[in-house]
Amino acid sequence: MEIFKTTILNTSLPRFRTVDGLSSVGKSLVQIACTLILSGMSTSLVASSALAQLLPLDSPDVVTTQESYLSNSSSTVSLESYTLGPGDQIRIDVLVDFEIFAEPIDQIVLLDGSLTLPWVGKIDVAGLNPIEAELKVVNAYSRYIRNPRITFQLLQPRPLRVSLVGEVKRPGGYTLQVNSDAGEQSEASESRVRFWPSLTQAISNAGGITRSANVRSIQISRDGLLEPIEVNLWSLVETGDLRQDVLLRDGDRIIIPTAENIDNSEVITLASTTFAPTSIKVNVIGEVKSPGSIEVSPNTPLNQAVLTAGGFNSRARRSRVELIRLNPNGNVTQRSVEIDLAQGVSNEQNPVLQDGDTIIIGRSNLAATSDTAGLIFSPLTDLFLGIFGIN
């Protein structure tokens, strides 16, 4: 009886059986069959856009115009739209006939934009998209291997470096991570979900928008685009248009302009969004029960801040308070506000506060008269007490 021995060629390949005891003709037929099967597989094994897809990345497809940016709601990135650079983590599999490299080639793109691969040495990939880099790797191995079959995978994109200017609390440069959560892995595939940084995440990292931000006319300047991307975050807030929350690229410059006219109702609405500051600090001093610096939500009106500080004490002037504000241009303004604790939000009587505002609660006429009388008569009182020896 013939004895059959099963040999697994590779976990990433189909399983084949080799038969001991067959004639040379039989062995030749088996080899031919294996070759034909592998040849039929060449389409799926040779590096292709399907295999080299960046496993789901939350980033928009390649775009060249403003319309195509906002009309595309895809949650994956096309290979043509991503540019490789220093810090990208790459995995390359090289298949040669029936053998494959013992382990995948895991590389990080170096500062000079190159990969160092077995046999072929250094290959420059900076500025290429994954498909172009894949073809370059195939050409490099073609000098040593006949008909190499290559798979090229972006394991982990590099962190994004973006800048924010204008109406955010902390303008400047920020580094945003592309977070990856690996799912269950099988023999033939790897499941991975990535969370790509978006515009609102960048604004949140910068402390949120200011009260003066014009969220309808945000611009994103991006390398490779002749015109900036126009974004209307108010549309995101009002209608839930997720296309406005543009997914960012390395090197993006975000400009948040100043609003010419400020609508208090919109300010209150924006203050509850994910890209607004979580809190602001204001100062309430004078005749309140708990004077000092307090933290309140960004949409807090003046009345609520007074109540948060404990409300008026018995000496307070309850009809009018002073509001001091440091404006973005460096000027300081002071205004009297006719206060009514029962008044709704109003720019005249109950304005929405900004970070750093100071509210001064003055003394009532009675308290002021009492204090003045105390200052005048206090020395005479001490004199008479001293004369009569009363301590």
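Structural notes, computed from the coordinates. (Residues numbered from 1 in each chain as written. Predicted model: local features only at pLDDT ≥ 70, side-chain atom pairs only at ≥ 80, totals over all residues. Heavy atoms only, no water.)

Turning to the overall build of the protein chain, a few remarks are in order. Along the backbone of the protein chain there are eight helices and 20 strands. Across the 391 residues of the protein chain, 40% fall into the buried class. Pairs at least 24 apart in sequence give 58% of the contacts found in the protein chain among residues at least 6 apart. If you sum the accessible surface of the protein chain, you get close to 21,400 Å²; carbon and sulfur atoms cover 53% of it. (Helix = DSSP H or I, 4+ residues; strand = E, 2+ residues; numbered from the N terminus. Buried < 20%, exposed > 50% of the residue type's maximum accessible area, 1.4 Å probe, protein only. Contact = heavy atoms within 4.5 Å. Areas by Shrake-Rupley, 256 points an atom, 1.4 Å probe, with all protein chains shown as cover.)

With that settled, the discussion passes to unusual backbone geometry. Its identity is not glycine, yet Trp 119 carries a phi of approximately 75 degrees, on the positive side. Tracing the backbone through its elements, the reader meets Trp 119 in the loop between strand S6 (114–117) and strand S7 (121–124).

We now examine the sheet that holds strand S9 (residues 160–166). One open sheet holds the five strands; their spatial order is S10-S9-S15-S13-S14, and the pairing between them is mixed. If you trace the sheet from one side to the other, it starts and ends with strand S10 (172–176) and strand S14 (229–231), each paired once. Between one strand and the next, the sheet's axes are offset by a mean angle of 25 degrees, whatever the strand orientation. The sheet contact formed by strand S13 (residues 218–221) and S14 spans three bridges and is antiparallel. Across the sheet, the residue bridging to Ile 218 is Val 231, located in S14. (Pairing = 2+ DSSP bridges. Axes fitted to C-alpha atoms, helices over the stretch in contact; angles between N-to-C directions.)

Right, let's talk about the packing of aromatic side chains for a bit. Going through the model one piece at a time under the given rule, you end up with two aromatic pairs. Aromatic side chains Tyr 82 and Trp 196 sit 5.9 Å apart centroid to centroid with 85 degrees between the ring planes, which places their arrangement in the edge-to-face category. Within this pair, whereas Tyr 82 is found in the loop between helix H2 (66–71) and strand S3 (89–96), its partner Trp 196 is found in the loop between strand S12 (190–195) and helix H4 (199–205), the two being separated by 114 residues in sequence. Across this residue pair, the class does not change: Tyr 82 and Trp 196 are buried. Ring geometry for Trp 119 and Tyr 141: centres 6.5 Å apart, planes at 55 degrees, overall tilted. Taken together, the residues Trp 119 in the loop between S6 and S7 and Tyr 141 in helix H3 (residues 130–142) connect sequence positions 22 residues apart. The buried category is assigned to Tyr 141, whose relative accessible area is 0%. (Phe/Tyr/Trp six-rings, centres within 6.5 Å; stacked < 30°, edge-to-face > 60°.)

Further remarks concern the nonpolar core. Across soluble globular proteins, nonpolar side chains have a tendency to be buried as a group. Ranked by size, the top nonpolar core spans 52 residues in total, and within it Ile 92, Leu 117, Tyr 141, Leu 164, Ile 203, Leu 233 and Ile 254 carry the most contacts. Here this core takes five residues from H3, the largest share from any one element. Within the second largest apolar cluster, 19 residues are counted, among which are Ile 280, Ala 305, Ala 309 and Ile 361. (Core = buried A, V, L, I, M, F, W, Y, C linked by side-chain atoms within 4.5 Å.)

Let us look at the pairing of strand S18 (residues 320–326). Two strands pair when backbone bridges link them, and S18 and strand S19 (residues 332–338) are joined in this way by seven bridges, in the antiparallel orientation. From the neighbouring strand, Glu 322 faces S19, where its bridge partner is Ser 336. Bridge analysis of S18 against strand S20 (residues 358–361) gives three bridges, and the strand direction is antiparallel. Considered in S20, the bridge of Leu 323 is made with Ile 359.

Here the focus is the pattern of salt bridges. Under the criterion given, the structure shown has 11 salt bridges. When the shortest N-O distance is used, the salt bridge between Asp 357 and Arg 325 registers 2.6 Å. Residue Asp 357 is found in the loop between S19 and S20, and its partner Arg 325 is found in strand S18; the two are separated by 32 residues along the sequence. Via salt bridges that share partners, Asp 88, Arg 158 and Asp 250 belong to a single interconnected network. (Salt bridge = Lys/Arg side-chain N within 4 Å of Asp/Glu carboxyl O.)

Across the sheet, five strands lie side by side as S17-S16-S20-S18-S19; this open sheet has mixed pairing. In this open sheet, the two edge strands, each paired with only one partner strand, are strand S17 (292–296) and S19. The average angle at which neighbouring strand axes cross in this sheet is 25 degrees, direction not considered. Pairing between strand S16 (residues 280–286) and S17: five bridges, direction antiparallel. Paired with Val 284 across the bridge in S17 is Gly 292.

As paired elements, S6 and S7 share four bridges and run antiparallel to each other. The residue of S7 that forms the bridge with Leu 117 is Gly 121. The loop that links S6 with its antiparallel partner S7 comprises three residues; one of these, Trp 119, has a positive phi angle of about 75 degrees.

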